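The primary structure of each chain is shown beneath.
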Amino acid sequence: MTAARQPIGVIGTGYVGLVTAAGFAQLGSEVYCVDIDADKIGQLQRGEVPIYEPGLGELIADNRERLHFSTVLDEAVEHARLLFVCVGTPPTHSGDADLSAVHAVVDAVPSSAEHALVMKSTVPCGTGRSLRRVLSEQGKGAIDYVSCPEFLKEGSAINDFMHPDRVVIGEEEGSPAGDAVAELYESLEAPLVRTDVASAEMIKLAANAFLATKISFINEIANVCEETGANVLDVARGVGLDDRIGPRFLQAGVGYGGSCFTKDVSALKLLAANSGYHFQLLGAVIEVNELQKRRVVAKLQRHLGNLAGKRIAVLGLAFKPNTDDMRGASSLVLAARLAAEGAHVRAYDPVAAGEAKKVMPQLDCGDSVLEVVSEADAVVLVTEWPEFLALDWSEVAARMSGKLVIDGRNALDPVVLDAAGLTYEGIGRP
Ligand code: UDX
(Lines give C-alpha, C1' and ligand atoms only; values in the text may rest on other atoms or scores of the structure.)
Protein backbone atom coordinates (compact mmCIF):
# COMPACT_ATOMS: atom_id res chain seq x y z
CA MET A 1 0.00 0.00 0.00
CA THR A 2 1.47 3.39 -0.98
CA ALA A 3 1.47 6.22 1.55
CA ALA A 4 -0.84 8.16 -0.81
CA ARG A 5 -3.49 5.51 -0.27
CA GLN A 6 -2.95 5.00 3.39
CA PRO A 7 -5.99 4.92 5.69
CA ILE A 8 -6.64 7.97 7.83
CA GLY A 9 -8.61 8.85 10.92
CA VAL A 10 -10.77 11.99 11.06
CA ILE A 11 -11.75 13.18 14.50
CA GLY A 12 -14.73 15.53 14.49
CA THR A 13 -17.44 15.32 11.82
CA GLY A 14 -18.40 18.99 11.36
CA TYR A 15 -17.92 20.88 8.09
CA VAL A 16 -14.16 20.47 8.01
CA GLY A 17 -14.14 16.86 9.22
CA LEU A 18 -16.82 15.55 6.87
CA VAL A 19 -15.40 17.30 3.82
CA THR A 20 -11.88 16.07 4.68
CA ALA A 21 -13.21 12.53 5.22
CA ALA A 22 -15.28 12.44 2.03
CA GLY A 23 -12.48 14.08 0.02
CA PHE A 24 -9.79 11.62 1.10
CA ALA A 25 -12.19 8.69 0.64
CA GLN A 26 -12.77 9.92 -2.91
CA LEU A 27 -9.00 9.99 -3.44
CA GLY A 28 -8.86 6.35 -2.34
CA SER A 29 -8.17 6.23 1.40
CA GLU A 30 -10.13 4.20 3.91
CA VAL A 31 -11.36 6.85 6.35
CA TYR A 32 -12.25 6.21 9.99
CA CYS A 33 -14.42 9.05 11.28
CA VAL A 34 -14.93 9.64 14.98
CA ASP A 35 -17.32 11.98 16.79
CA ILE A 36 -18.53 12.04 20.39
CA ASP A 37 -22.01 13.03 19.18
CA ALA A 38 -23.78 9.65 18.99
CA ASP A 39 -26.80 11.12 17.15
CA LYS A 40 -24.57 12.50 14.43
CA ILE A 41 -22.67 9.23 14.06
CA GLY A 42 -26.00 7.36 13.94
CA GLN A 43 -27.19 9.64 11.13
CA LEU A 44 -23.95 9.19 9.20
CA GLN A 45 -24.08 5.41 9.61
CA ARG A 46 -27.59 5.51 8.12
CA GLY A 47 -26.26 7.52 5.18
CA GLU A 48 -27.79 10.82 6.32
CA VAL A 49 -25.64 13.97 6.17
CA PRO A 50 -26.22 16.24 9.19
CA ILE A 51 -25.10 19.49 7.48
CA TYR A 52 -26.06 21.31 4.31
CA GLU A 53 -23.14 21.46 1.90
CA PRO A 54 -23.69 21.12 -1.84
CA GLY A 55 -22.27 17.85 -3.21
CA LEU A 56 -21.26 16.44 0.17
CA GLY A 57 -24.16 13.98 0.43
CA GLU A 58 -23.37 12.55 -3.00
CA LEU A 59 -19.64 12.28 -2.25
CA ILE A 60 -20.33 10.46 1.01
CA ALA A 61 -22.81 8.14 -0.73
CA ASP A 62 -20.33 7.41 -3.56
CA ASN A 63 -17.65 6.47 -1.00
CA ARG A 64 -19.77 4.65 1.57
CA GLU A 65 -17.59 1.57 1.39
CA ARG A 66 -14.49 3.49 2.41
CA LEU A 67 -16.10 5.64 5.12
CA HIS A 68 -16.44 4.25 8.63
CA PHE A 69 -18.16 6.08 11.49
CA SER A 70 -17.75 5.54 15.21
CA THR A 71 -18.13 7.31 18.55
CA VAL A 72 -14.83 5.90 19.83
CA LEU A 73 -11.25 6.27 18.67
CA ASP A 74 -10.32 2.57 18.73
CA GLU A 75 -10.94 1.69 15.09
CA ALA A 76 -9.26 4.85 13.80
CA VAL A 77 -6.20 4.20 15.97
CA GLU A 78 -6.08 0.57 14.93
CA HIS A 79 -6.26 1.20 11.17
CA ALA A 80 -4.77 4.66 10.62
CA ARG A 81 -1.49 6.32 11.52
CA LEU A 82 -2.54 9.84 10.61
CA LEU A 83 -5.33 11.19 12.80
CA PHE A 84 -6.78 14.42 11.35
CA VAL A 85 -8.13 16.60 14.15
CA CYS A 86 -11.19 18.50 12.88
CA VAL A 87 -12.98 19.42 16.11
CA GLY A 88 -14.57 22.80 16.80
CA THR A 89 -12.55 25.65 18.34
CA PRO A 90 -15.30 28.21 19.05
CA PRO A 91 -14.53 31.54 20.74
CA THR A 92 -14.74 31.68 24.52
CA HIS A 93 -16.25 34.63 26.41
CA SER A 94 -12.82 36.28 26.29
CA GLY A 95 -12.69 35.87 22.50
CA ASP A 96 -9.79 33.39 22.70
CA ALA A 97 -10.26 30.05 20.96
CA ASP A 98 -11.80 27.33 23.14
CA LEU A 99 -9.39 24.42 22.79
CA SER A 100 -11.21 22.02 25.12
CA ALA A 101 -12.27 19.71 22.26
CA VAL A 102 -8.68 19.64 20.98
CA HIS A 103 -7.43 18.79 24.49
CA ALA A 104 -10.03 16.02 24.78
CA VAL A 105 -8.56 14.44 21.64
CA VAL A 106 -5.01 14.76 22.98
CA ASP A 107 -6.12 13.14 26.26
CA ALA A 108 -7.91 10.31 24.47
CA VAL A 109 -5.23 9.30 22.01
CA PRO A 110 -3.11 6.39 23.31
CA SER A 111 0.67 6.48 23.60
CA SER A 112 2.25 5.49 20.30
CA ALA A 113 5.36 5.92 18.19
CA GLU A 114 3.32 5.13 15.07
CA HIS A 115 0.68 7.81 15.13
CA ALA A 116 0.55 11.50 14.30
CA LEU A 117 -2.04 14.14 15.10
CA VAL A 118 -2.69 16.29 12.02
CA MET A 119 -4.28 19.52 13.22
CA LYS A 120 -6.91 20.84 10.78
CA SER A 121 -8.90 22.79 13.36
CA THR A 122 -7.99 26.48 13.45
CA VAL A 123 -5.91 27.05 16.58
CA PRO A 124 -3.91 30.01 17.89
CA CYS A 125 -0.28 30.25 16.92
CA GLY A 126 1.70 28.36 19.59
CA THR A 127 -0.91 25.62 20.12
CA GLY A 128 1.19 22.94 18.43
CA ARG A 129 4.08 23.69 20.77
CA SER A 130 1.91 23.54 23.88
CA LEU A 131 0.12 20.36 22.74
CA ARG A 132 3.46 18.64 22.22
CA ARG A 133 4.34 19.59 25.77
CA VAL A 134 1.05 18.13 27.04
CA LEU A 135 1.65 14.93 25.07
CA SER A 136 5.12 14.62 26.61
CA GLU A 137 3.76 15.21 30.12
CA GLN A 138 1.26 12.42 29.51
CA GLY A 139 4.07 10.08 28.44
CA LYS A 140 2.94 10.24 24.81
CA GLY A 141 5.83 12.33 23.45
CA ALA A 142 6.45 9.84 20.63
CA ILE A 143 3.22 10.90 18.91
CA ASP A 144 4.10 13.06 15.92
CA TYR A 145 2.36 16.39 15.30
CA VAL A 146 1.61 18.20 12.03
CA SER A 147 -0.29 21.44 11.45
CA CYS A 148 -2.29 21.27 8.22
CA PRO A 149 -4.77 24.17 8.32
CA GLU A 150 -7.95 23.99 6.29
CA PHE A 151 -8.94 26.80 3.92
CA LEU A 152 -12.22 25.46 2.55
CA LYS A 153 -15.18 27.78 2.09
CA GLU A 154 -18.67 26.69 3.05
CA GLY A 155 -20.87 26.24 0.01
CA SER A 156 -17.93 25.30 -2.23
CA ALA A 157 -16.09 23.05 0.21
CA ILE A 158 -15.84 19.96 -2.02
CA ASN A 159 -14.38 21.96 -4.89
CA ASP A 160 -12.01 23.70 -2.45
CA PHE A 161 -10.84 20.32 -1.14
CA MET A 162 -10.22 18.93 -4.62
CA HIS A 163 -8.63 22.13 -5.98
CA PRO A 164 -6.86 23.85 -3.10
CA ASP A 165 -4.94 27.08 -3.80
CA ARG A 166 -2.22 25.58 -1.62
CA VAL A 167 -1.64 22.92 1.00
CA VAL A 168 0.20 24.08 4.10
CA ILE A 169 2.12 21.56 6.18
CA GLY A 170 3.73 22.66 9.42
CA GLU A 171 6.09 20.08 10.87
CA GLU A 172 9.03 19.67 13.17
CA GLU A 173 12.39 18.95 11.63
CA GLY A 174 12.79 15.24 10.94
CA SER A 175 9.11 14.47 11.50
CA PRO A 176 8.06 11.61 9.20
CA ALA A 177 4.37 12.51 9.40
CA GLY A 178 4.86 15.68 7.31
CA ASP A 179 5.94 13.54 4.32
CA ALA A 180 2.99 11.21 4.82
CA VAL A 181 0.54 14.14 4.80
CA ALA A 182 2.24 15.62 1.71
CA GLU A 183 1.86 12.28 -0.08
CA LEU A 184 -1.84 12.15 0.75
CA TYR A 185 -2.34 15.49 -1.03
CA GLU A 186 0.11 14.79 -3.87
CA SER A 187 -2.46 13.80 -6.50
CA LEU A 188 -4.20 17.18 -6.10
CA GLU A 189 -1.09 18.86 -7.54
CA ALA A 190 -1.50 21.95 -5.36
CA PRO A 191 1.40 24.23 -4.42
CA LEU A 192 2.84 22.94 -1.16
CA VAL A 193 4.04 25.21 1.64
CA ARG A 194 6.19 23.21 4.07
CA THR A 195 7.18 25.10 7.14
CA ASP A 196 7.38 24.89 10.92
CA VAL A 197 4.26 24.35 13.03
CA ALA A 198 3.98 27.93 14.36
CA SER A 199 4.22 29.43 10.86
CA ALA A 200 1.54 27.06 9.53
CA GLU A 201 -0.76 28.10 12.37
CA MET A 202 -0.08 31.76 11.61
CA ILE A 203 -0.70 31.31 7.85
CA LYS A 204 -4.29 30.29 8.55
CA LEU A 205 -5.00 33.18 10.91
CA ALA A 206 -3.23 35.71 8.68
CA ALA A 207 -5.09 34.54 5.55
CA ASN A 208 -8.51 34.92 7.17
CA ALA A 209 -7.58 38.23 8.78
CA PHE A 210 -6.35 39.58 5.44
CA LEU A 211 -9.54 38.52 3.62
CA ALA A 212 -11.67 40.13 6.34
CA THR A 213 -9.54 43.28 6.06
CA LYS A 214 -10.17 43.36 2.30
CA ILE A 215 -13.93 43.21 2.91
CA SER A 216 -13.93 45.90 5.61
CA PHE A 217 -11.75 48.05 3.36
CA ILE A 218 -14.14 47.87 0.41
CA ASN A 219 -17.10 48.44 2.76
CA GLU A 220 -15.52 51.67 3.95
CA ILE A 221 -14.83 52.68 0.34
CA ALA A 222 -18.52 51.95 -0.39
CA ASN A 223 -19.58 54.19 2.48
CA VAL A 224 -17.43 57.01 1.10
CA CYS A 225 -18.85 56.32 -2.39
CA GLU A 226 -22.31 56.96 -0.95
CA GLU A 227 -21.18 60.40 0.18
CA THR A 228 -19.40 61.28 -3.07
CA GLY A 229 -21.60 59.78 -5.77
CA ALA A 230 -19.00 57.24 -6.90
CA ASN A 231 -20.04 53.65 -7.68
CA VAL A 232 -18.25 51.03 -5.56
CA LEU A 233 -18.81 48.31 -8.16
CA ASP A 234 -16.78 50.23 -10.74
CA VAL A 235 -14.25 51.26 -8.09
CA ALA A 236 -13.77 47.63 -6.98
CA ARG A 237 -13.36 46.51 -10.59
CA GLY A 238 -10.85 49.24 -11.35
CA VAL A 239 -8.91 48.56 -8.17
CA GLY A 240 -9.11 44.75 -8.41
CA LEU A 241 -7.68 44.61 -11.93
CA ASP A 242 -4.37 45.63 -10.39
CA ASP A 243 -2.58 42.29 -10.20
CA ARG A 244 -1.13 43.21 -6.84
CA ILE A 245 -4.62 43.61 -5.39
CA GLY A 246 -6.80 41.09 -7.27
CA PRO A 247 -10.56 41.20 -7.84
CA ARG A 248 -11.80 38.80 -5.17
CA PHE A 249 -13.19 39.71 -1.74
CA LEU A 250 -13.89 43.25 -2.89
CA GLN A 251 -17.69 42.99 -2.81
CA ALA A 252 -19.18 45.63 -0.58
CA GLY A 253 -22.20 44.57 1.44
CA VAL A 254 -23.75 44.26 4.88
CA GLY A 255 -20.55 42.88 6.39
CA TYR A 256 -18.84 39.53 6.52
CA GLY A 257 -20.22 36.71 8.63
CA GLY A 258 -19.55 33.03 9.18
CA SER A 259 -17.75 31.31 11.98
CA CYS A 260 -14.23 31.63 10.59
CA PHE A 261 -13.78 35.32 9.87
CA THR A 262 -15.49 36.54 13.02
CA LYS A 263 -13.65 34.02 15.18
CA ASP A 264 -10.22 34.10 13.57
CA VAL A 265 -9.92 37.89 13.28
CA SER A 266 -10.65 38.33 16.95
CA ALA A 267 -8.49 35.32 17.88
CA LEU A 268 -5.52 36.86 16.05
CA LYS A 269 -6.12 40.26 17.61
CA LEU A 270 -6.22 38.66 21.08
CA LEU A 271 -3.26 36.44 20.37
CA ALA A 272 -1.30 39.62 19.61
CA ALA A 273 -2.69 41.36 22.70
CA ASN A 274 -1.84 38.39 24.93
CA SER A 275 1.75 38.67 23.80
CA GLY A 276 1.76 42.42 24.42
CA TYR A 277 1.15 43.70 20.89
CA HIS A 278 -1.81 45.94 20.04
CA PHE A 279 -2.98 44.90 16.55
CA GLN A 280 -4.68 48.20 15.68
CA LEU A 281 -5.67 47.33 12.13
CA LEU A 282 -7.75 44.30 13.16
CA GLY A 283 -9.60 46.37 15.76
CA ALA A 284 -10.74 48.64 12.92
CA VAL A 285 -11.63 45.69 10.67
CA ILE A 286 -13.95 44.30 13.36
CA GLU A 287 -15.52 47.67 14.15
CA VAL A 288 -16.18 48.51 10.51
CA ASN A 289 -17.87 45.13 10.09
CA GLU A 290 -20.12 45.66 13.12
CA LEU A 291 -21.14 49.13 11.92
CA GLN A 292 -21.74 47.85 8.40
CA LYS A 293 -24.41 45.43 9.63
CA ARG A 294 -26.20 48.37 11.29
CA ARG A 295 -26.04 50.88 8.43
CA VAL A 296 -29.05 49.23 6.79
CA VAL A 297 -31.21 50.39 9.72
CA ALA A 298 -30.17 54.01 9.14
CA LYS A 299 -30.98 53.64 5.42
CA LEU A 300 -34.44 52.33 6.24
CA GLN A 301 -35.00 55.20 8.67
CA ARG A 302 -33.93 57.74 6.06
CA HIS A 303 -36.65 56.49 3.70
CA LEU A 304 -39.38 55.40 6.14
CA GLY A 305 -38.82 57.63 9.17
CA ASN A 306 -39.53 55.98 12.53
CA LEU A 307 -39.51 52.20 12.03
CA ALA A 308 -41.98 51.42 14.84
CA GLY A 309 -44.80 49.37 13.37
CA LYS A 310 -43.19 49.23 9.90
CA ARG A 311 -43.18 45.87 8.11
CA ILE A 312 -39.74 44.87 6.88
CA ALA A 313 -39.20 41.75 4.77
CA VAL A 314 -35.73 40.22 5.12
CA LEU A 315 -34.62 38.03 2.21
CA GLY A 316 -31.87 35.63 3.25
CA LEU A 317 -30.67 34.74 6.74
CA ALA A 318 -27.60 32.52 6.21
CA PHE A 319 -24.21 34.28 6.39
CA LYS A 320 -23.82 33.60 2.66
CA PRO A 321 -25.65 31.56 -0.02
CA ASN A 322 -25.42 27.76 -0.29
CA THR A 323 -25.19 27.15 3.42
CA ASP A 324 -27.59 26.85 6.35
CA ASP A 325 -24.90 28.24 8.65
CA MET A 326 -26.13 31.12 10.81
CA ARG A 327 -22.91 31.68 12.78
CA GLY A 328 -21.92 35.34 12.67
CA ALA A 329 -24.66 36.06 10.11
CA SER A 330 -25.33 39.77 9.54
CA SER A 331 -29.07 38.96 9.54
CA LEU A 332 -28.87 38.25 13.29
CA VAL A 333 -27.75 41.78 14.11
CA LEU A 334 -30.07 43.35 11.55
CA ALA A 335 -33.18 41.46 12.73
CA ALA A 336 -32.41 42.27 16.37
CA ARG A 337 -31.81 45.97 15.61
CA LEU A 338 -35.03 46.21 13.60
CA ALA A 339 -36.99 44.53 16.38
CA ALA A 340 -35.45 46.97 18.88
CA GLU A 341 -36.71 49.85 16.69
CA GLY A 342 -40.21 48.36 16.88
CA ALA A 343 -40.34 47.12 13.27
CA HIS A 344 -42.14 43.93 12.38
CA VAL A 345 -39.66 41.65 10.60
CA ARG A 346 -40.73 38.76 8.37
CA ALA A 347 -37.88 36.71 6.97
CA TYR A 348 -37.43 34.05 4.33
CA ASP A 349 -34.41 31.86 3.62
CA PRO A 350 -34.62 28.84 1.30
CA VAL A 351 -32.38 26.70 3.54
CA ALA A 352 -31.36 28.40 6.79
CA ALA A 353 -34.76 29.22 8.36
CA GLY A 354 -34.60 26.16 10.65
CA GLU A 355 -31.13 27.06 11.90
CA ALA A 356 -32.17 30.71 12.26
CA LYS A 357 -35.14 29.77 14.45
CA LYS A 358 -32.74 27.93 16.80
CA VAL A 359 -30.86 31.16 17.52
CA MET A 360 -33.79 33.59 17.13
CA PRO A 361 -36.88 31.66 18.24
CA GLN A 362 -39.07 34.79 18.03
CA LEU A 363 -38.20 35.45 14.39
CA ASP A 364 -41.23 35.36 12.11
CA CYS A 365 -40.20 33.22 9.12
CA GLY A 366 -42.36 32.69 6.04
CA ASP A 367 -42.34 29.88 3.47
CA SER A 368 -41.75 31.94 0.35
CA VAL A 369 -40.54 35.32 -0.86
CA LEU A 370 -44.00 36.34 -2.00
CA GLU A 371 -45.43 35.48 1.41
CA VAL A 372 -42.96 37.63 3.37
CA VAL A 373 -42.99 40.63 1.01
CA SER A 374 -46.81 40.89 1.19
CA GLU A 375 -47.76 44.27 2.69
CA ALA A 376 -44.09 45.02 3.43
CA ASP A 377 -43.02 48.66 3.67
CA ALA A 378 -39.52 47.68 2.62
CA VAL A 379 -37.52 44.64 1.53
CA VAL A 380 -33.91 44.06 2.59
CA LEU A 381 -31.82 41.50 0.71
CA VAL A 382 -29.23 40.10 3.15
CA THR A 383 -28.08 36.86 1.47
CA GLU A 384 -27.72 36.68 -2.32
CA TRP A 385 -29.39 33.29 -2.88
CA PRO A 386 -29.84 32.59 -6.64
CA GLU A 387 -33.60 32.40 -6.09
CA PHE A 388 -33.67 36.11 -5.15
CA LEU A 389 -31.69 37.16 -8.20
CA ALA A 390 -34.27 35.52 -10.47
CA LEU A 391 -37.33 37.09 -8.80
CA ASP A 392 -40.12 38.73 -10.77
CA TRP A 393 -39.81 42.15 -9.16
CA SER A 394 -43.09 43.39 -10.68
CA GLU A 395 -44.84 40.66 -8.74
CA VAL A 396 -42.93 41.61 -5.58
CA ALA A 397 -43.88 45.29 -6.11
CA ALA A 398 -47.53 44.33 -6.53
CA ARG A 399 -47.52 42.54 -3.17
CA MET A 400 -45.66 45.22 -1.19
CA SER A 401 -47.37 48.18 0.34
CA GLY A 402 -44.20 50.31 0.13
CA LYS A 403 -41.62 50.63 -2.64
CA LEU A 404 -38.22 50.45 -0.97
CA VAL A 405 -35.75 47.63 -1.67
CA ILE A 406 -32.36 47.69 0.06
CA ASP A 407 -29.90 45.38 -1.65
CA GLY A 408 -27.39 44.49 1.06
CA ARG A 409 -25.20 42.53 -1.39
CA ASN A 410 -25.33 44.70 -4.53
CA ALA A 411 -26.69 41.60 -6.21
CA LEU A 412 -29.77 43.05 -7.95
CA ASP A 413 -30.14 45.09 -11.12
CA PRO A 414 -31.32 48.61 -10.24
CA VAL A 415 -32.71 49.08 -13.78
CA VAL A 416 -35.01 46.05 -13.38
CA LEU A 417 -36.22 47.22 -9.97
CA ASP A 418 -36.77 50.73 -11.26
CA ALA A 419 -38.82 49.35 -14.16
CA ALA A 420 -40.93 47.48 -11.59
CA GLY A 421 -41.67 50.80 -9.89
CA LEU A 422 -39.45 50.09 -6.89
CA THR A 423 -36.97 52.39 -5.15
CA TYR A 424 -33.59 50.69 -5.18
CA GLU A 425 -30.78 51.32 -2.74
CA GLY A 426 -27.59 49.26 -2.74
CA ILE A 427 -24.33 49.60 -0.83
CA GLY A 428 -22.08 52.31 -2.27
CA ARG A 429 -24.05 52.50 -5.52
CA PRO A 430 -25.47 55.84 -6.63
C1 UDX B 1 -13.78 31.64 5.07
C2 UDX B 1 -12.49 31.59 4.25
O3 UDX B 1 -12.76 32.08 2.92
C4 UDX B 1 -11.96 30.17 4.20
O5 UDX B 1 -10.73 30.14 3.51
C6 UDX B 1 -11.77 29.68 5.65
O7 UDX B 1 -11.35 28.33 5.65
C8 UDX B 1 -13.05 29.82 6.44
O9 UDX B 1 -13.52 31.17 6.37
P10 UDX B 1 -16.33 30.96 4.72
O11 UDX B 1 -16.54 31.41 6.14
O12 UDX B 1 -16.93 29.67 4.28
O13 UDX B 1 -14.76 30.85 4.40
O14 UDX B 1 -16.92 32.09 3.78
P15 UDX B 1 -16.43 33.10 2.65
O16 UDX B 1 -16.91 32.65 1.33
O17 UDX B 1 -15.00 33.39 2.74
O18 UDX B 1 -17.28 34.40 3.05
C19 UDX B 1 -17.22 34.96 4.35
C20 UDX B 1 -18.13 36.15 4.50
O21 UDX B 1 -17.61 37.28 3.81
C22 UDX B 1 -19.55 35.96 3.96
O23 UDX B 1 -20.46 36.51 4.88
C24 UDX B 1 -19.56 36.72 2.66
O25 UDX B 1 -20.85 37.18 2.33
C26 UDX B 1 -18.62 37.86 3.00
N27 UDX B 1 -17.97 38.45 1.83
C28 UDX B 1 -17.12 37.71 1.06
C29 UDX B 1 -18.18 39.81 1.51
O30 UDX B 1 -18.92 40.51 2.21
N31 UDX B 1 -17.53 40.35 0.44
C32 UDX B 1 -16.68 39.64 -0.34
O33 UDX B 1 -16.14 40.22 -1.29
C34 UDX B 1 -16.47 38.28 -0.03
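Residues numbered from 1 in each chain as written. Predicted model: local features only at pLDDT ≥ 70, side-chain atom pairs only at ≥ 80, totals over all residues. Heavy atoms only, no water.

## Section: the site of the ligand
To keep things clear, this is the line we draw: When we say a residue is near a molecule or strand, we mean one of its heavy atoms is within 4 Å of it. Contacts described as polar in this section are N or O atom pairs within 3.5 Å, which, within protein, must combine one atom able to donate a hydrogen with one able to accept it, while residues neighboring in sequence count only if both atoms come from side chains. To qualify as a helix, a DSSP run of H or I must reach at least 4 residues; to qualify as a strand, a run of E must reach at least 2; elements of each kind are numbered from the N terminus. For this classification, Asp, Glu, Lys and Arg are treated as charged, while Ala, Val, Leu, Ile, Met, Phe, Trp, Tyr, Cys and Pro are nonpolar and the rest, including Gly, are polar. Each domain span listed reflects an automatic or database assignment of domains.
Around the ligand, a shell composed of 18 residues is seen, among which Phe-151, Glu-154, Gln-251, Phe-319 and Lys-320 lie nearest. Leu-152 has a polar backbone atom sitting 2.9 Å from an oxygen atom of the ligand. Residue Lys-320 places a side-chain N or O atom 2.8 Å away from an oxygen atom belonging to the ligand. Breaking the shell around the ligand down by element, the ones donating at least two residues are helix H9 (197-228) and helix H11 (259-274). For the shell around the ligand, the residue count by class is 9 nonpolar, 3 polar and 6 charged. Residue assignment places the shell around the ligand across two domains, with domain 1 (8-195) and domain 2 (209-425) each supplying three or more.

## With respect to helix H2 (residues 38-45)
Put simply, the rule reads: Exposure classes here rest on a 1.4 Å probe applied to the protein chains alone. A residue is buried below 20% of its type maximum, exposed above 50%, and partly exposed in between. For this quantity, the arc is that covered by the directions from the helix axis to the C-beta atoms. Throughout, a contact is declared for two residues whenever any of their heavy atoms are within 4.5 Å.
Those residues of H2 that sit buried are Ile-41, Gly-42 and Leu-44. Around the axis of H2, the buried residues are gathered within 165° of arc, so they sit on the same side. Summarising the contacts, the buried residues of H2 are in contact with helix H1 (15-27), strand S2 (31-34) and strand S3 (67-70). N-cap assignment for H2: the residue whose side-chain oxygen lies 3.1 Å from the backbone N of Asp-39 is Asp-37. Following H2 by one or two positions, Gly-47 has its phi on the positive side, about 85°.

## Some remarks on the packing of H9 against H11
A packed helix pair is summarised by two numbers, namely the angle formed by the two axes and the spacing between the axes. Our working definition: Lines fitted to C-alpha atoms define the axes here, with helix axes fitted over just the stretch in contact, and angles between the N-to-C directions of these axes take values from 0 to 180 degrees. Each angle receives one of four descriptions, namely roughly parallel if under 35 degrees, roughly antiparallel if over 145, roughly perpendicular if within 65 to 115, and oblique otherwise. Crossing handedness is defined as follows: a turn of the near helix away from the far one that is anticlockwise and smaller than a right angle gives a left-handed crossing, while the clockwise case is right-handed.
Interaxial distance between H9 and H11 falls to 9 Å at its minimum, and their mutual angle equals 115°. Taken together, H9 and H11 sit at an angle that is classed as roughly perpendicular. Here H9 runs over H11; the crossing is left-handed. Contacts between H9 and H11 pair Met-202, Lys-204, Leu-205, Ala-206, Asn-208, Ala-209, Leu-211, Ala-212 and Ile-215 from the former with Cys-260, Phe-261, Asp-264, Val-265, Leu-268 and Leu-271 from the latter. The residue inventory of the contact of H9 with H11, partitioned by class, reads 12 nonpolar, 1 polar and 2 charged.

## What about the pattern of salt bridges?
Pairing is possible between side chains of opposite charge, provided their charged atoms come close. Quick note on the threshold: When a carboxyl oxygen of Asp or Glu lies within 4 Å of a side-chain nitrogen of Lys or Arg, that pair is called a salt bridge.
Under the definition given, this model contains 23 salt bridges. In this structure, Lys-299 engages Glu-226 in a salt bridge whose closest nitrogen and oxygen atoms are separated by 2.6 Å. With a gap of 73 residues between them, Lys-299 in helix H12 (residues 280-304) and Glu-226 in helix H9 connect regions that are remote in the sequence. A relative accessible area of 3% means that Lys-299 is categorised as buried. One salt bridge connects Glu-290 with Lys-293, and the closest N-O pair in it is separated by 3.0 Å. In this pair, Glu-290 and Lys-293 are both assigned in helix H12, 3 residues apart and thus about one turn of the helix distant. The exposure class of Glu-290 is partly exposed, given its relative accessible area of 29%. The network of salt bridges with shared partners includes Arg-132, Asp-144 and Glu-172.

## Side note on the sheet that holds strand S6 (residues 144-147)
How we decide: At least two bridges found by DSSP between two strands are what make those strands a pair.
Here we have 8 strands laid out as an open sheet, ordered S3-S2-S1-S4-S5-S6-S7-S8, and mixed in their pairing. Only two strands of the sheet have a single neighbouring strand rather than two, namely S3 and strand S8 (192-195). The sheet shows a mean angle of 25° between the axes of neighbouring strands, direction not considered. With 2 bridges joining them, S6 and strand S7 (residues 167-171) adopt antiparallel strand pairing. When the sheet's bridge partners are listed, Ser-147 is paired in S7 with Gly-170.

## Things to note about the sheet that holds strand S12 (residues 378-381)
In space, the 6 strands of this open sheet follow the order S11-S10-S9-S12-S13-S14, with parallel pairing throughout. The sheet terminates laterally at strand S11 (364-365) and strand S14 (423-425), the two strands that pair on one side only. Set on the sheet, H12 makes contact with strand S9 (311-315), S12, strand S13 (404-407) and S14; between it and S13 the angle comes to about 160°.

## Comments concerning unusual backbone geometry
With phi around 70°, Glu-375 is a residue other than glycine that occupies positive phi space. As for its placement among the helices and strands, Glu-375 is situated in the loop between helix H15 (369-373) and S12. In this structure, Asn-410 is a non-glycine residue whose phi angle is positive, near 50°. The exposure class assigned to Asn-410 is buried, which follows from its relative accessible area of 11%.

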